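# Coordinate inspection notes
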Amino acid sequence: MLHNYVLHVYNDDVRSSTAFAHTEQTQVAIRVHDLVKRYDALTAVDRVSFEVSSGEVFGFLGPNGAGKTTTINILTGLARSDGGEVWIGGLNCTSNTKRAQHLLGVVPDESNLYPELSGFQNLCFCGALYGMRRVARETRARELLSDFDLAGAADRKFAAYSRGMKRRLTIAAGIMHHPPILFLDEPTTGIDVASARQVRQLISEMNQAGTTIFLTTHYIEEAERLCNRVAFIVDGRIVREDTVTQLMRQVEGLHIVEVSLNSGSSEVVGLVSREFPDLRVEKVSDAQLRLVSARPIRAGAVVVFLESAGLEVTEARQVRPSLEDVFVSVTGLAVQEMKRERERMSGGGVAG
Amino acid sequence: MRYCIPFWNILVKDIRSYYLKPPNISWGIVFPLAWTGMFFVRSGGGLDNVLSLLPGVVALAILFGTTSVLAVTVTFEKKGRSFERLLLAPIPLELLMLAKTSGAILFGVINAFVPILLASFITDIAATNWGILFPTVLLIAMASTFLGLFIAVSVSEVFEAQTFSNFVRFPMIFLCGLFFPIAMLPTFLQPLAYALPVTYGVDVLHGAFDGTSVLSLPLNLAILSIYCVVLFMLSLMNVRRRWIL
Ligand SMILES: Nc1ncnc2c1ncn2[C@@H]1O[C@H](COP(=O)(O)OP(=O)(O)OP(=O)(O)O)[C@@H](O)[C@H]1O
Ligand SMILES: [Mg+2]
């Protein structure tokens, strides 16, 4: 079956990718075993192993410098590993990634299309790189430009696109050739809320159409919403890998209250922790706290305490436990560390 | 067969984006012509001198036509990360680099015929051995393109690529027998002349235009071909070693 697929790629058969998903439902799309990558003294990827089944959305979650992009680079042929084995679509690609590159679509973390070409020309060129014929690639390019809300900018130079438009065109370029396996490196970083929502919608649709998706992200809520399975990676090591459902079970019984203050205070975490020793107190920002407990939280008592300490509480609300809480308990990294990163990466919120 | 489409499209994109742009045309064509004018004036020779100058001008036109753009097509695209798209495509690296350089080779060949065409108006070039000229022009274009490619993939910045290629091609104007015989060079420079590929190409061109070559034709062509293969392989090695980290 796989062989059939491989042959079909160059026939521009639109249905071949979905055919892949249906016939290879139980197949492993990506298998990585003990992958190692070193840059001088730094081990960027440290004995990483995982499997991604055909048709699933697999999330790779971790803070800056965890080794997410490095892993993608090795899997797609932009970097060489220093150890371990890689299979893609059943092909052993350990020493030769070229063998599987026709099965892959890659959306890099930074838009890297040709600034001097128009959106339409960029897409057509990308299709041609995968052997698509002229009529097929022009039809596909028009279809994608309209799907990605870029039809009006089709003939404008890529250099003149806004950041969100660049991002969308980069994603479109990655799927021009109907790849059965798609790598998305932080697809929603640096774009506005509406664009991010649109991109997530597109990712879902591509997955429903049969594309296997490997996604890296800082936004844990995004992974929770999109992924079937996630791996948490910190300092080049996978610290936990499981289905989202299974991971969520771990925090099922947790009670969480978020408290917002009128003004920031650096000692507030210490104050609350001392007064309520049975609560785990996390700092979201100077003016926002997260209280976590296995038992129901008496939010009123906390509010009264904070007010009596001279702090003005503007809001206290119960929130559902999320994958973020799993991430915190598994990695030991504070939520705020991931949040801070997200704020630095301008604008790209997950709200919505 | 399945690689024809990517190969052709890479070539066409490069030609559109880089080769047909004014700065390239001026560097590639006007500059060698200006140099030649200078030599022509200095040598003080009449029209009968044209045939002895032509091999040098042709070589110069090829050298500048091929090397001036590689710094942009390769180094600049690497810097801007769009080169990653090419590395991600299911095309063997050899073919990819050939596609990236065939624009330069083509431009070098076309450039070579500009001075030949001009010369045909002012002098009689009927004695030219075209059967030798065509393959030689192609081989010189390939050798100097791959030399430029080697420089372009050995540095990280566009200005480095430009600086180094000037560092290599300007001395070649004097060292490779373009406008005066290598025998006229100081003795200690002569081995250097024979270490440069263009020397062998220019020698064949002299043979083709005015019948004054030093080495035998098969030897010249063989050495030129070996340079092409070696420089291309070294470039591929550098891409694999430096760019696929
Ligand atoms: N070419 C390189 N040379 C040296 N070190 C590198 C190179 N590429 C990556 N690294 C290092 O490897 C580590 C992992 O980097 P990587 O880009 O994979 O992280 P990441 O998880 O993608 O982070 P981010 O969220 O910021 O994108 C980092 O410490 C980085 O500095
Ligand atoms: Mg990254």
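Residues numbered from 1 in each chain as written. Chains lettered and ligands numbered in written order. Predicted model: local features only at pLDDT ≥ 70, side-chain atom pairs only at ≥ 80, totals over all residues. Heavy atoms only, no water.

This part takes up the overall build of chain B. Helix and strand content of chain B: 10 helices and 0 strands. The linear arrangement of helices and strands in chain B, starting from the amino end, is α-α-α-α-α-α-α-α-α-α. Rg of the C-alpha trace for chain B: 18 Å, near the compact-globule value of 18 Å for 245 residues, within the 12% margin. For chain B, the spread of C-alpha atoms along the three principal axes comes to 55 × 40 × 35 Å. Taken across its 245 residues, chain B has 52% of its residues classed as buried. Counting contacts in chain B only where the partners sit at least 6 residues apart, residues at least 24 apart contribute 77% of the total. For chain B, the accessible area works out to roughly 10500 Å², and carbon and sulfur atoms hold 75% of it. (Helix = DSSP H or I, 4+ residues; strand = E, 2+ residues; numbered from the N terminus. Rg over C-alpha atoms; globule rule 2.2 N^0.38 Å. Buried < 20%, exposed > 50% of the residue type's maximum accessible area, 1.4 Å probe, protein only. Contact = heavy atoms within 4.5 Å. Areas by Shrake-Rupley, 256 points an atom, 1.4 Å probe, with all protein chains shown as cover.)

This part is about the pairing of strand E2 (residues 42-53) of chain A. Residues and elements named next belong to chain A. With 8 bridges joining them, strand E1 (residues 28-39) and E2 adopt antiparallel strand pairing. Paired with isoleucine 30 across the strands is valine 52, a residue of E2. Where E1 hands over to E2, the hairpin turn is made up of 2 residues, of which aspartate 40 adopts a positive phi near 50 degrees. (Pairing = 2+ DSSP bridges.)

What follows is about the pattern of salt bridges. All names here are of chain A. Enumeration according to the criterion identifies 25 salt bridges over all chains in this entry. One salt bridge in this structure joins aspartate 46 and arginine 47, with 3.6 Å as the shortest N-O distance. Taking the relative accessible area as the measure of exposure, aspartate 46 reaches 13% and is therefore buried. Taking relative accessible area as the criterion, arginine 47 reaches 54% and is therefore assigned exposed. Here arginine 290 ties to aspartate 325 by a salt bridge, and the two come within 2.6 Å at their closest N and O atoms. With arginine 290 in strand E13 (residues 288-293) and aspartate 325 in helix H12 (residues 323-331), this residue pair connects regions lying 35 residues apart in the sequence. Accessibility classification places arginine 290 together with aspartate 325 in one group, the buried group. Counted as one network, the salt bridges with shared partners bring together Glu258, Arg280, Glu282, Arg290, Glu315, Arg317 and Asp325. (Salt bridge = Lys/Arg side-chain N within 4 Å of Asp/Glu carboxyl O.)

Our focus in this paragraph is the site of ligand 1. Taken together, 14 residues sit near ligand 1, with A:Asn64, A:Gly65, A:Lys68, A:Thr69 and A:Thr70 positioned nearest. Flanking ligand 1 are residues from chains A and B. Between A:Ala66 and ligand 1, the recorded distance is 3.1 Å, taken from a backbone N or O atom to an oxygen atom. A:Lys68 is positioned with one of its backbone polar atoms (N or O) 2.8 Å from an oxygen atom of ligand 1. Bound to the protein, ligand 1 loses 64% of the 640 Å² it would expose on its own. Where the shell around ligand 1 is concerned, the elements lending two or more residues are E2 and helix H3 (68-76) of chain A. (Near = heavy atom within 4 Å. Polar contact = N/O pair within 3.5 Å; in protein donor to acceptor, adjacent residues only side chain to side chain.)

Turning to the sheet that holds strand E11 (residues 255-261) of chain A, a few remarks are in order. Residue and element names in this part refer to chain A. Strands sit in the order E12-E13-E11-E14 across an open sheet of 4 strands; the sheet is antiparallel. Each edge of the open sheet is held by one strand with a lone partner, namely strand E12 (280-285) and strand E14 (313-319). Sheet twist, expressed as the mean angle between neighbouring strand axes with direction ignored, is 20 degrees. Relative to E13, E12 is paired through 5 bridges, and the arrangement is antiparallel. Counterpart to valine 281 in the pairing with E13 is leucine 291. (Axes fitted to C-alpha atoms, helices over the stretch in contact; angles between N-to-C directions.)

Overall, the coordinates contain 19 aromatic pairs over all chains when judged by the stated rule. On the numbers, 5.2 Å between centres and 45 degrees between planes, the contact of A:Phe183 with A:Phe214 is tilted. Of this pair, A:Phe183 sits in strand E7 (residues 181-185) while A:Phe214 sits in strand E8 (residues 212-217); the two residues are 31 residues apart in sequence, bridging distant segments of the chain. Pairwise contacts between aromatic rings join A:Phe50, A:Phe58, A:Phe60, A:Phe183 and A:Phe214 into one cluster. Its end group placed over the ring of A:Phe125, B:Lys13 keeps NZ or CZ at 5.8 Å from the ring centre. (Phe/Tyr/Trp six-rings, centres within 6.5 Å; stacked < 30°, edge-to-face > 60°. Lys NZ or Arg CZ within 6 Å of the ring centre and 35° of its normal.)

All right, on to the sheet that holds strand E9 (residues 229-234) of chain A then. Residue and element names in this part refer to chain A. Sheet architecture is open: 6 strands sit in the order E6-E7-E8-E3-E9-E10, paired in mixed fashion. Each edge of the open sheet carries a strand with a single partner, namely strand E6 (104-107) and strand E10 (237-243). Across the sheet, the axes of successive neighbouring strands diverge by a mean angle of 15 degrees, strand direction being ignored. As defined by bridge partners, strand E3 (residues 57-61) adjoins E9 across 4 bridges and the pair is classed as parallel. The residue of E9 that forms the bridge with phenylalanine 60 is alanine 231.

Turning our eyes to something else, we now look at the nonpolar core. In terms of nonpolar packing, the biggest core is built from 103 residues, with A:Ile30, A:Phe50, A:Phe183, A:Phe214, B:Val58 and B:Met97 touching the most fellow members. Contacts of A:Ile30, omitting those with residues within four sequence positions, involve A:Phe50, A:Glu51, A:Val52, A:Leu75, A:Trp87, A:Ile181, A:Phe183 and A:Phe214. In this structure, A:Cys124, A:Ala223, A:Met248 and A:Val326 belong to the second largest nonpolar core, which totals 50 residues. (Core = buried A, V, L, I, M, F, W, Y, C linked by side-chain atoms within 4.5 Å.)

Attention shifts here to a nonpolar patch on the surface. All names here are of chain B. A cluster of nonpolar side chains, contributed by Leu33, Leu117, Leu118, Phe121 and Ile122, occupies part of the molecular surface with about 490 Å² of accessible area. The greatest single-element share of the nonpolar patch, amounting to 4 residues, is contributed by helix H5 (residues 93-122). Its location among the elements puts leucine 33 in helix H2 (residues 22-43). (Patch = residues over 30% accessible without salt bridge, like charges linked within 9 Å, V, L, I, M, F, W, Y side chains within 5 Å.)

A few words on the packing of helix H6 (residues 163-175) of chain A against helix H7 (residues 193-208) of chain A. All names here are of chain A. Packing of H6 against H7 leaves a shortest axis separation of 11 Å and a crossing angle of 10 degrees. With respect to each other, H6 and H7 are oriented roughly parallel. Seen from above, H6 lies across H7 with right-handed handedness. The segment H6 lies against H7, with Arg168, Ile171 and Ile175 engaging Ser195, Gln198, Val199 and Met206. For the contact of H6 with H7, the class distribution of residues is 4 nonpolar, 2 polar and 1 charged. (Parallel < 35°, antiparallel > 145°, perpendicular 65-115°, else oblique. Left-handed = near helix turned anticlockwise from the far one by under 90°. Nonpolar A, V, L, I, M, F, W, Y, C, P; charged D, E, K, R; others polar.)

Next up on the list: H5(B). Here H5(B) is 30 residues long and its end C-alpha atoms lie 45 Å apart, about the 44 Å a rise of 1.5 Å per residue gives. The axis of H5(B) is deflected most strongly, by about 35 degrees, at B:Thr101. (Expected span 1.5 Å × (residues − 1). Bend = angle between axes of the 7 residues up to and from the residue.)

Before going further, it helps to examine the environment of B:Pro218. Secondary-structure assignment places B:Pro218 in helix H10 (residues 217-243). Sequence-wise, B:Pro218 and B:Gly65 are 153 residues apart; in three dimensions their C-alpha atoms are separated by 26 Å.

A few words now on the confidence of the model for chain A. Overall, the prediction assigns chain A a mean pLDDT of 85, with 87% of residues at 70 or greater. Across residues 345-352 of chain A the pLDDT falls below 50, and counting only partners more than four positions away or on other chains, this stretch makes 25 contacts in the model. (pLDDT = per-residue confidence, 0-100.)

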